[in-house]
Amino acid sequence: MKLIWPTSLLFTALVAAEPYLLFSSGTSEYQLASNTTAPAVWVAQNEPVGVLRAAHDLANDFGRVLGVNGTVNVFDTDISESPGKAVIITGTVGQSTLIDQLVSDGKLDVSLIEGKWESYVSRIVENPFPNVTWSLVVAGSDRRGTIYGLYDISEQMGVSPWYWWADVPVKTKTGIWVAPEGTFQKSPSVKYRGFFINDESPALSGWVAENFGTKFNSAFYRHIFELCLRLKGNYLWPAMWGKMFYVDDVDNGQLAHEYGIIMGTSHHEPMARSEQEQKTYLDGEWNWNENQANITTFFQQGIDRAKHWDTIWTMGMRGEGDVASPTLTAADLEELIHAQQKLLVESFNASDPASISQTWVLYKVSQRLLFVTRNVSDDSHEGGQ
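Residues numbered from 1 in each chain as written. Predicted model: local features only at pLDDT ≥ 70, side-chain atom pairs only at ≥ 80, totals over all residues. Heavy atoms only, no water.

Draft legend 1. Representation of the sheet that holds strand E13 (residues 262-263) in the model. Read across the sheet, three strands follow the order E11-E12-E13 without closing on themselves; strand pairing throughout is parallel. A single partner strand is all that each edge strand has here, and the edge strands are strand E11 (194-196) and E13. Sheet topology places E11 next to strand E12 (residues 235-237); three bridges connect them, and they run parallel. Considered in E12, the bridge of Gly194 is made with Tyr235. (Pairing = 2+ DSSP bridges. Helix = DSSP H or I, 4+ residues; strand = E, 2+ residues; numbered from the N terminus.)

Here it is in structure tokens:
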């Protein structure tokens, strides 16, 4: 079992990769960018959409730092062009045709990251493809590893993860070079790292209403997802006071999956269904002892909606409105969790409930929380990984 701490602030548990960008001429022969030219970022056509999105973010970050944007080129296996500028080749091991070709040709060693969780290497590769003298190659062990590697470049050259949310000024440069030894990021020591948008009213709710409309929609959440990834996070509990993440905007769930964000729900919102949904869509009372059939159906609907996306299922039950349940006993809670796990096993055609990503939230009278994820595998229900 693995402990997990979803809090109002991101808990980052990464041993940072060694910096490898340089900002003075004469320190390296590998110049990546200047205030007149920025690199082309090459991505394979078969790469997950989240990697392509992060590549575009990186290209724009060069514009923030140097005044000239990079470009993004998407290839299949046919590369015949001469870029005329520095190239960043990026992709996921076992997914990207570009990265896998470099590995197959013996030009890129990925032994440090292959099969790992959210790891990456960044290396100079000489003559990676015809007409390319050298390239900075950023290869991830999985899609988030690749995304972290791209955002690492952004942060090293002067774009804070908080550039948008906190208006942190960009540290501009006139030139960027790459140290030939590159860098390596090992897997994080805490597997799931993220934050919980907790007690968001009135401050955040009022600001969202002014800037994005009456709902916490996908236009708002894409900024949240980007921040989480730039901070090397991967996990989110969405806003809950009167909010319905999957209902307020039907694009929210799919967008989180495409970004590479693993979604959960808060401590009193089991099975990927919000408190507001409990009030709005549940037939009967939020009372396991008296309304098991309808609550079971309600849980199943939550599974059906989110099971194809990156999800950690919150298990257990709390009283209506996040208060102590007036009826649930320890034996009732055990029965409830068995019922929840049975639904998950049947929905995922699994042989063992421990193979399915879960966060157990067990309240005691003292209202202390216990958060536990049950034996989550590295590839649990994640597209592109």
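Still to come is the rest of the account.
Draft legend 2. Quick look at helix H10 (residues 330-348). Across its 19 residues, H10 extends 27 Å between first and last C-alpha, which sits within 8% of the 27 Å expected from 1.5 Å per residue. Among all positions in H10, only Asp332, Leu333, Leu336, Ile337, Gln340, Gln341, Leu343, Leu344, Val345, Ser347 and Phe348 are buried. Along its buried surface, H10 packs onto helix H9 (292-306), strand E14 (313-315) and strand E15 (358-361). Trailing H10 by a residue or two, Asn349 shows a phi angle of about 50°, which is positive. (Expected span 1.5 Å × (residues − 1). Buried < 20%, exposed > 50% of the residue type's maximum accessible area, 1.4 Å probe, protein only. Contact = heavy atoms within 4.5 Å.)

Draft legend 3. Up close: the packing of aromatic side chains. Tallied over the full model, the rule gives 23 aromatic pairs. Relative to Tyr246, the ring of Phe245 lies with its centre 4.9 Å away and its plane at 85°, an arrangement referred to as edge-to-face. Each member of the pair Phe245 and Tyr246 is classed as buried. Of the aromatic side chains, those joined through ring pairs into one cluster are Trp164, Trp165, Trp207, Phe212, Phe216, Phe220, Tyr221, Phe225, Phe245, Tyr246, Tyr259 and Trp309. Here the basic side chain of Lys173 rests over the ring of Phe23, its NZ or CZ set 4.8 Å away from the ring centre. It is Lys191 that lies over the ring of Trp117; its NZ or CZ is 4.6 Å from the centre. (Phe/Tyr/Trp six-rings, centres within 6.5 Å; stacked < 30°, edge-to-face > 60°. Lys NZ or Arg CZ within 6 Å of the ring centre and 35° of its normal.)

Draft legend 4. Molecular detail of the sheet that holds strand E3 (residues 31-34). Taken together, three strands build an open sheet; the order of strands is E2-E9-E3 and the sheet is antiparallel. In this open sheet, the two strands that pair with only one neighbour each are strand E2 (21-22) and E3.

Draft legend 5. Geometry of helix H3 (residues 143-157). With 15 residues, H3 ought to run about 21 Å at 1.5 Å a step, and its terminal C-alpha atoms sit 22 Å apart, in line with that. Summarising burial for H3: 14 of the 15 residues are buried, a large majority.

Draft legend 6. Layout of the pairing of strand E5 (residues 71-75). Two strands pair when backbone bridges link them, and strand E4 (residues 40-44) and E5 are joined in this way by five bridges, in the parallel orientation. Bridge pairing in E5 places Val43 opposite Val74. Taking the sense of rotation as the criterion, the β-α-β connection linking E4, helix H1 (residues 49-66) and E5 turns out right-handed. (Right-handed = clockwise from strand over helix to strand, strands pointing away.)

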